[in-house]
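# Structure at a glance
Letter by letter, the chains look like this.
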Amino acid sequence: MAPKPIKLFYFDARGRAEVCRLLLAAAGQKYEDIRYTQEQWETEKDNTPFKQLPVIEIDGKRFGQTIAIITYLATEFGFRGKTNLEALAIDQAVQLTYDFLNCFVKVWVEKDETKKAEYMKHFKEVEVPKYLGFYEKLLKESGTGYFVGNSLSVADLSCYDFLYGLKSMGVLSTDEYPNIQNLQKKVESNEKIKAYLATRKQTPT
Amino acid sequence: MANSKITLNYFDIKGRAEIIRLVLTWAGKDFVDNRISREDWPALKPKSPFGQLPYVEIDGKVYGQSLAISNFFAREFNLYGKSNLDGLIIDQVAQLTEDFIQEIVKVIRAADPETKAANQKKVQEEAAPKFWGFYEKLLKESSGQYFVGDEVTLADLIAFDVVTGFVSDFTLPLPDSYPLLTALVETIGNNDNIKAYKAKQQ
C-alpha cells in the first residue's frame, strides 16, 4: 500500500484531535499536524467539508467528523480488531466514550454559572460512575487488559484520552477502578505511545 | 453471519433501531424484530449491555450502540463499500446524522415547553437545512447516484431513514431544493425488500 500523504487540521489543543494523533503515533505514521489559531480558523473554515474541526486530508481529499476519522485511521493501521465482531465490540466502546464526552460537553458549553454548576454536579455524581462502571465491566469481561482482544485498539485510546482530559481538569479520579487503572498503564507503556506522550505539545485542553 | 441468529431489541417505534432494521431488510437477512412495550422494558434492562435500547443479540452475545450495530451489519452484508476510504465517506454520513439527531434530542429532552418550542424551531429552521445541505453536497461530490459511487451503502440507508424515520417527525417535509437527496430517498424506497417491509409496518 503506497503511503498517502496525511494532514490533520485542528486547533492548538488536544480536544477532538488527540485520538487521531495517538493513533498516528501508535502507527508510527508521519503526518502534518496543523494547528489553527482562531484568526486562521475564520478564514480556513470554508476549506473544510462541514465548517468544523478536526479535518483530515488524505491524498488531497478532505474529510470531517471525529469518529469517522478515527475509525478510518484505526482500520488503516490495525487498531480495529481482527474480525468484524471485534470491530463491533471496539465501535461499541468508542461510541460509549463519545456519549460520555457529549455529557461533558453539555457542562462545558453552559454559560449560566448556576446551571453550569448544577450540570457539573450531575455529571460527577451520575454520569461519571455510570460510564466508569461500563468501562470497568467491559474490561473485566475482556480479561486481556484491553477492551477487545489481545492488542491495543481505538477503543483503548479514545477511553484513555478522554479520561486523561477529565483527570487533568480535576473532574474525576479513576483510583477506585482497577481495570481502568490497568488500561491506562497498558496504553502508557506502549512504546510508541510512551514516546509520543513524552514529547507531545502540552496544552490546557 | 449467514447462519447467525440475530435478535434486535427496541421499543415499538422507528427511533434509533430503524436503521438497523433497514440494513437487515435490504440485505434480506432474517432477524427477530423484538418490539418491547414501555412496561416490559424495566425487566429487560439488566440484560442490555448499557441499560439502553437498541441492543442486539448475535449468537447469544449482546451488543449496544445503534451506530456500532448498523455499521457491523453493513460490513457483514456488503453495504460498506470496497475500501477503507469508502468506509470513511460512509461514516461521515453516519456521524453527521448523529449530530443532527443530537439537535432533535434537545427538543425531546427540553426541560420546559418554552425551551422545547425554541429548540423545535431551531431544528426546522437551522438544523434541517444544514444537514440536508450536507447530504446534498456529498451526493453531488459522489461519482455516482449514491454516496459511494454507484453502489448502495449504509450511508444511503441512513439518509433514507433521516427523511422517512423519526428525524422527519421533527422537521418540515423535505423541500424540492434537494433534488439528489429526494431522488435517493425514492430509489431506496422502491427497493422490493424495503417496500415489503414498509407495507408490513402499516
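Numbers given to residues run from 1 along each chain, matching the order in which its sequence is written. Here chains are named by letter from A upward and ligands by number from 1 upward, in the order in which they appear as written. Totals for whole chains, interfaces and linings use all residues, but because this is a predicted model, local features are given only for residues with pLDDT of at least 70 and pairs of side-chain atoms are given and counted only at 80 or more. Hydrogens and water molecules were not included; the side-chain quantities draw on all heavy atoms of the structure.

### What about helix 3 (residues 66–76) of chain B?
Quick reminder of the rule: Three exposure classes are used, based on accessible area relative to the maximum for each residue type with a 1.4 Å probe and protein chains only: buried under 20%, partly exposed in between, and exposed over 50%. By definition, any uninterrupted DSSP run of H or I lasting at least four residues is a helix, any uninterrupted run of E lasting at least two residues is a strand, and each is numbered from the N terminus.
Of all 11 residues making up helix 3 of chain B, 10 are buried, and the element is well covered by its neighbours. Those residues of helix 3 of chain B that sit buried are B:Ser66, B:Leu67, B:Ala68, B:Ile69, B:Ser70, B:Asn71, B:Phe72, B:Phe73, B:Ala74 and B:Arg75.

### Quick look at the interface of chain B and chain A
What counts is decided by this rule: For this analysis, residues touch if any pair of their heavy atoms sits within 4.5 Å. A simple way to read buried area is as the amount of 1.4 Å-probe accessible surface that goes missing from two parts once joined, with both sides added. Any Lys or Arg side-chain nitrogen located within 4 Å of an Asp or Glu carboxyl oxygen qualifies as a salt bridge. The term polar contact refers here to a pair of N or O atoms within 3.5 Å; inside protein, the definition further demands a hydrogen-donor-capable atom paired with an acceptor-capable atom, and it admits residues adjacent in sequence only when both atoms are side-chain atoms. Throughout, the ten residues Ala, Val, Leu, Ile, Met, Phe, Trp, Tyr, Cys and Pro are labelled nonpolar, Asp, Glu, Lys and Arg are labelled charged, and all others, Gly among them, are labelled polar.
Taken together, the contacts link 30 residues of chain B with 31 residues of chain A. At the boundary of chain B with chain A, total buried surface from both sides reaches about 2700 Å², with 60% on carbon and sulfur atoms. Sorting the residues of chain B by area buried against chain A places B:Phe50, B:Asn84 and B:Leu88 first, and these three jointly supply 23% of that buried surface. On the surface where chain B and chain A come into contact, there are one salt bridge. Taking the shortest distance from any N to any O, the salt bridge between A:Asp91 and B:Arg75 comes out at 3.5 Å. In this assembly, chain B and chain A are joined by 11 residue pairs in polar contact (both at pLDDT 80 or more). Element by element, the count of residues in the side of chain B that touches chain A is highest for helix 4 (residues 84–108) of chain B, at nine residues. The residue makeup of the side of chain B that touches chain A, split by class, is 16 nonpolar, eight polar and six charged.

### Describing helix 1 (residues 18–27) of chain A
Residues and elements named next belong to chain A. Within helix 1, nine of the 10 residues are buried, which leaves it mostly tucked inside the rest of the structure. Of all the residues in helix 1, the buried ones are Glu-18, Val-19, Cys-20, Arg-21, Leu-22, Leu-23, Leu-24, Ala-25 and Ala-26. Buried residues along helix 1 sit in contact with strand 1 (6–11), strand 2 (32–36), helix 3 (66–77), helix 4 (84–109), helix 6 (154–168) and helix 8 (191–199). Phi turns positive, to about 65°, at Gly-28, one or two residues after helix 1.

### Some thoughts on the UniProt feature "domain: GST C-terminal" (unreviewed entry) in chain B
Formally: UniProt positions are given in the numbering used here, feature names are shortened, and annotations may be inferred rather than shown by experiment.
Annotation from UniProt places "domain: GST C-terminal" (unreviewed entry) at residues 83–202 of chain B. In the segment residues 83–202 of chain B, helix accounts for 72% and strand for 0%; the C-alpha atoms at its two ends are 37 Å apart.

### Remarks on the UniProt feature "domain: GST N-terminal" (unreviewed entry) in chain B
Taking the numbering used here, the UniProt-annotated feature "domain: GST N-terminal" (unreviewed entry) corresponds to residues 4–81 of chain B. Across residues 4–81 of chain B, the secondary structure splits into 32% helix and 24% strand, with the terminal C-alpha atoms separated by 22 Å.

### Digging into the nonpolar core
We count it as follows: Definition used in this section: a nonpolar core is a set of buried Ala, Val, Leu, Ile, Met, Phe, Trp, Tyr and Cys residues joined via side-chain atoms within 4.5 Å.
Of all hydrophobic cores here, the largest spans 140 residues; its most connected members are A:Phe100, A:Phe147, B:Phe73 and B:Phe100. Per element, the largest residue contribution to this core is 12 residues, and it comes from helix 4 of chain A. Setting aside its immediate chain neighbours within four residues, A:Phe100 contacts A:Phe123, A:Glu127, A:Val128, A:Tyr131, A:Leu132, A:Tyr135, A:Phe162, A:Leu163, A:Leu166 and A:Leu172.

### Thoughts on the sheet that holds strand 1 of chain A
The strands making up a sheet associate through backbone hydrogen bonding, with each pair oriented either parallel or antiparallel. Where we set the bar: At least two bridges found by DSSP between two strands is the condition for calling them paired. Fitted lines through C-alpha atoms give the axes, limited to the stretch in contact for helices. The angle between two N-to-C directions lies from 0 to 180 degrees.
An order of 2-1-3-4 (chain A) is seen for the four strands of this open sheet, with the pairing classed as mixed. In this open sheet, the two strands that pair with only one neighbour each are strand 2 and strand 4 (61–64) of chain A. When the angles between neighbouring strand axes are averaged without regard to direction, this sheet yields 20°. Pairing of strand 3 (residues 55–58) of chain A with strand 4 of chain A, which is carried by four bridges, proceeds in the antiparallel orientation. Directly across from A:Val55, in strand 4 of chain A, lies its bridge partner A:Gly64. Of the strands in this sheet, strand 3 and strand 4 of chain A are in contact with helix 4 of chain B, which crosses strand 4 of chain A at around 40°.

### A few points about the pairing of strand 4 (residues 61–64) of chain B
Across a regular strand the side chains alternate sides, sitting on one face of the sheet and then on the other. All names here are of chain B. Here strand 3 (residues 55–58) runs beside strand 4; their pairing, made up of four bridges, is antiparallel. In the sheet register, Ile-58 faces strand 4, and the bridge partner there is Lys-61. From the end of strand 3 to the start of strand 4, which pair antiparallel, there are two residues, and Asp-59 there has a positive phi angle of about 50°.

### Notes on the pattern of salt bridges
Residue and element names in this part refer to chain A. Under the criterion given, the structure shown has 22 salt bridges over all chains. Across the pair Lys-51 and Asp-46 runs a salt bridge, and its minimum N-O distance is 3.3 Å. You can call Lys-51 partly exposed: its relative accessible area is 46%. Across the pair Glu-141 and Lys-137 runs a salt bridge, and its minimum N-O distance is 4.0 Å. Placement of the pair is Glu-141 and Lys-137 together in helix 5 (residues 113–142), with a separation of four residues, close to one helical turn. On the basis of relative accessibility, which here comes to 57%, the residue Glu-141 falls in the exposed class. Residue class for Lys-137 comes out partly exposed when judged on its relative accessible area of 33%.

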